[in-house]
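Analysis of the macromolecular model
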Amino acid sequence: MRADATRNLERVLSTGARMLADDPSATIAAIAAAAGVDRRTVYRRFASREDLMAAVYGARYDAVEQAIEAARLREAPVEVALHRYVEGIIAVNRKWPVETSRMLREQTLRERRRGLIDEVDAFLRRATDEGLLRSDLPPGWAATVLPPLMVHAAEDLPELSAAQAADLVVDTLLRGVGHESPSRTVRPGKPAPARP
């Protein structure tokens, strides 16, 4: 593919991701216009709106895979890998803000998603085994809590760089949002201390 064609495709897909996130019914013509690409060029590349949507979701998964690979979840020290992963996913969420669950009826995308989830789950187990995450939490709790933190950081804190937003997410995941005080620690099965 020629360099200009590659750039046009990238522009169409990233514009499509933003527009579909705002309006899932956005048309190919509207996406092409917003991307500054002739709509005939887009129609030649994508036979239908569904084809374009599948390409957008595929590009998002490509970016997630690259972020996971760059984080080196299996080899890097766990805290370093966690920060790299969170920073990478926040950047992906900002560039490719579409909700991927809409395309899970596509088997290829569903399988790719499952593989990515398995990779992150294995990393979170490693982080627990190595003591970075608490081992007394319900199974899968960190995997449930982390994605919404990354989504909110990506969407609600645009003034922060991806690295700064990752600092906040990692700190929140590892230390919570409360001020730690021995006299106010609540353990499972114990009532919360009364408020003054």
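See above for the structure.
Now for a quick tour of the structure. (Residues numbered from 1 in each chain as written. Predicted model: local features only at pLDDT ≥ 70, side-chain atom pairs only at ≥ 80, totals over all residues. Heavy atoms only, no water.)

1. Quick look at the overall build of the chain
For the record, the criterion: Segments assigned H or I by DSSP are reported as helices when at least four residues long, segments assigned E as strands when at least two residues long, and all are numbered from the N terminus. Summary of the burial criterion: residues with accessible area below 20% of their type's maximum are buried, those above 50% are exposed, and those between are partly exposed, where the area comes from a 1.4 Å probe applied to protein chains only. Any pair of residues with heavy atoms lying within 4.5 Å of one another is described as a contacting pair. Residue exposure ignores everything except the shown protein chains as possible cover, and the areas themselves are Shrake-Rupley values with a 1.4 Å probe.
Across its full length, the chain carries 8 helices and 0 strands. In the chain, the succession of helices and strands from N to C terminus is α-α-α-α-α-α-α-α. Expressed as a percentage of its 196 residues, the buried residues of the chain come to 34%. Long-range contacts, defined as pairs at least 24 residues apart, comprise 68% of the intrachain contacts of the chain with a sequence gap of at least 6. Counting every atom, the chain has about 12000 Å² of accessible surface; 52% of that belongs to carbon and sulfur.

2. Here we look at helix H1 (residues 3–22)
Put simply, the rule is: In this analysis, the expected span of each helix is defined as 1.5 Å times one less than the number of residues it contains.
With 20 residues, H1 should reach 28 Å at 1.5 Å per residue; the first-to-last C-alpha distance of 29 Å fits that figure. By the burial criterion, the buried members of H1 are Leu9, Val12, Leu13, Ser14, Thr15, Gly16, Ala17 and Leu20. In this structure, the buried residues of H1 make contact with helix H2 (28–35), helix H3 (39–45), helix H4 (49–71) and helix H5 (78–95).

3. Observations concerning the nonpolar core
Here is the rule we go by: What makes a nonpolar core is a set of buried Ala, Val, Leu, Ile, Met, Phe, Trp, Tyr and Cys residues whose side-chain atoms join them at distances within 4.5 Å.
Ranked by size, the top nonpolar core spans 54 residues in total, and within it Tyr85, Val86 and Ile90 carry the most contacts. Looking at this core, the elements with two or more residues in it are H1, H2, H4, H5, helix H6 (107–129), helix H7 (141–156) and helix H8 (162–175). Contacts of isoleucine 90, omitting those with residues within four sequence positions, involve Met150, Ala153, Ala154, Ala162, Ala165, Ala166 and Val169.

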